[in-house]
Amino acid sequence: LNYLNNTNKNKNHKKFDFSVLPGPHFSSDTGLGLGIIGMGLYRQDRRDTISQPSNVSIFGDITTKSSYTVGIFGTHVFPYDKGRIDYEIAANYFKESFGEWATKGQQRRNEGTMKRWKIGAKANFLWEVARNVFIGPSLTYDFADILEIDRPELLAGQEHHLEIGVGFSLAYDSRDIMTRPTRGVYLNVTQLFHPKFLSSGYAYTTTDFRFNTYGKLWRGAVIGGDLRGTLSFGNPLATMALLGNSSTMRGYYKGRYRDKHILQAQVELRQHI
């Protein structure tokens, strides 16, 4: 309890403030699992006490139904917030169900299971062009290999794929604290292009957008709104928009449902206890 009570306290005297927290979880799809995340806060220039600190998180997860995940993500903030690098790298092995959204009683016909491993990386390189406004190039890399599948016809020959995307990202960020906001707005629009010679013979585009807003309700209570979506044009099944992950639509693991386009919204009440 003493460790947890002190994790949110300001530790500007430390060059690198690191905290670790494990978390058990359960769902019918993944079984019983144990995740662990270690998060660090640091400043490139410790004389800059105005800008938000950079953050990095290392995570891992293992479940009883043969799911394994490791990765790292974070935001590196340059001195006085003149630029940022948002990044994420993850690798996982998973036995999953997959299928498009079921309509008119077709759920069984559009559903299959597969074992696959995947490695993915993405980064946005952003420069400040106005107060709280950032813009810059985006890069993504994804490789997936299907190890076993019960209905290969659903993939239409797409048992594995290598995808490289290039594009740009535009962001507006007025949040008070990136890692646990209590007020402010965050908006991001990322446009990616996947030419044939970089994407397993498929040419397609992807547009991702995200809008978050935060406000205080009463002492210790914060309400957060989240609206995000993915619009995909011309892409293969393996790279369709995916529903679910650890921060949105948490009841579904990422990829349980996929389709050309996804629009999702949620509201969250956070009460400090």
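Below is a short write-up of the structure. Computed from a prediction, not measured in an experiment: that's the story for all the values here. Each chain carries its own residue numbering, running from 1 in the written order of its sequence. Reporting in this predicted model follows two pLDDT cut-offs: at least 70 for local features of residues, and 80 or more for side-chain atom pairs to be given and counted; totals over whole chains, interfaces and linings ignore these cut-offs and use all residues. Hydrogens and water molecules were not included; the side-chain quantities draw on all heavy atoms of the structure.

Among the structural elements, Asp-226 can be located in strand β11 (residues 221-233). With a relative accessible area of 11%, Asp-226 lands in the buried category. N or O atoms closer than or at 3.5 Å make up a polar contact, with two conditions inside protein: a donor-capable atom paired with an acceptor-capable one, and, for residues adjacent in sequence, both atoms drawn from side chains. A polar atom in the side chain of Asp-226 sits 2.4 Å from the side chain of Asn-212. Here a residue-residue contact requires only that any non-hydrogen atoms of the pair lie within 4.5 Å. In this structure Asp-226 touches Arg-210, Phe-211, Asn-212, Thr-248, Gln-264, Ala-265 and Gln-266, once residues within four positions along its chain are discounted. Helical segments are the DSSP runs of H or I of at least four residues, strand segments are the runs of E of at least two, and each set is numbered from the N terminus. With a 1.4 Å probe rolled over the protein chains alone, any residue whose accessible area is under 20% of its type maximum counts as buried; one over 50% counts as exposed, and the rest are partly exposed.

Centre distance and the angle of the planes are the two values used to describe a pair of aromatic rings. Only rings of Phe, Tyr and Trp enter the pairing, Trp through its six-membered ring, and a pair is recorded when the two centres are within 6.5 Å. The plane angle decides the type: under 30 degrees is stacked, over 60 is edge-to-face, the rest tilted. On inspection of all chains with the given rule, the structure shows 5 aromatic pairs. Note on Phe-59 and Phe-73: the rings are 5.8 Å apart at their centroids and 50 degrees apart in plane angle, and the pair reads as tilted. In this pair, Phe-59 sits in strand β3 (residues 54-63) while Phe-73 sits in strand β4 (residues 67-77), placing the two residues 14 residues apart along the sequence. Overall, the relative accessible area of 32% leaves Phe-73 in the partly exposed class. Distance and angle both matter: a charge sits over a ring if NZ of Lys or CZ of Arg is within 6 Å of the ring centre and within 35 degrees of the ring normal. One cation-aromatic arrangement involves Arg-175 over Tyr-186; the distance from NZ or CZ to the ring centre is 4.3 Å.

Moving on: a nonpolar patch on the surface. A residue counts toward a patch only above 30% relative accessible area and without a salt bridge, and it is joined to like-charged neighbours within 9 Å or, for Val, Leu, Ile, Met, Phe, Trp and Tyr, to nonpolar neighbours within 5 Å. Here the Shrake-Rupley method, with its probe set to 1.4 Å, supplies the accessible areas, and only the displayed protein chains count as covering residues. One side-chain nitrogen of Lys or Arg within 4 Å of one carboxyl oxygen of Asp or Glu is enough to make a salt bridge. A cluster of nonpolar side chains, namely Val-129, Ile-135, Leu-170, Tyr-172, Leu-187, Val-189, Phe-211, Leu-227 and Leu-263, defines an oily patch on the protein surface of about 740 Å² accessible area. Breaking the nonpolar patch down by element, the ones donating at least two residues are β8 (160-173) and β9 (184-194). For Val-189, the location among the structural elements is in strand β9. Val-189 sits in the partly exposed class, given a relative accessible area of 32%.

Right, let's talk about the pairing of strand β10 (residues 204-218) for a bit. As paired elements, β9 and β10 share 11 bridges and run antiparallel to each other. Bridge pairing links Tyr-186 to Asn-212 in β10. For two strands to count as paired, DSSP must find a minimum of two bridges between them. When β10 meets β11, the two strands line up antiparallel, connected through 13 bridges. Residue Gly-215 lies in a different strand from β11, and its bridge partner there is Ile-223. Taking the residues that link successive antiparallel strands as the turn, the β10-β11 hairpin has 2 residues, and the phi of Gly-220 there is positive, at about 80 degrees.

It is worth spelling out empty space enclosed by the protein at this point. Lining residues are those with an atom within 4 Å of a point, where the points come from a 1 Å grid over the protein atoms alone and group into cavities, where a 1.4 Å probe fits but cannot get out, or pockets, open sets with protein on both sides within 12 Å along at least five of seven lines. Grid points are joined across faces, edges and corners, and a volume is the space filled by probe spheres set on the points. Counting across every chain of the model gives 2 cavities of 30 Å³ or more. Of the voids in this model, the largest cavity is the one considered here, and its volume is about 60 Å³. Lining the largest cavity, in full, are Tyr-42, Arg-43, Gln-44, Asp-45, Asp-48, Ser-51, Gln-52, Ser-54, Val-77, Phe-78 and Pro-79. Residue classes follow a fixed rule: Ala, Val, Leu, Ile, Met, Phe, Trp, Tyr, Cys and Pro count as nonpolar, while Asp, Glu, Lys and Arg count as charged, and any other residue, Gly among them, counts as polar. Taken together, the residues of the lining of the largest cavity break down into 4 nonpolar, 4 polar and 3 charged.

Here Tyr-80, not a glycine, exhibits a phi torsion of approximately 60 degrees, which is positive. In this structure, Tyr-80 sits in the loop between β4 and β5 (83-99). When its relative accessible area of 44% is taken as the criterion, Tyr-80 is described as partly exposed. With a phi close to 70 degrees, Asn-132 is a non-glycine residue in the positive phi region. Note that Asn-132 resides in the loop between β6 (111-130) and β7 (133-149).

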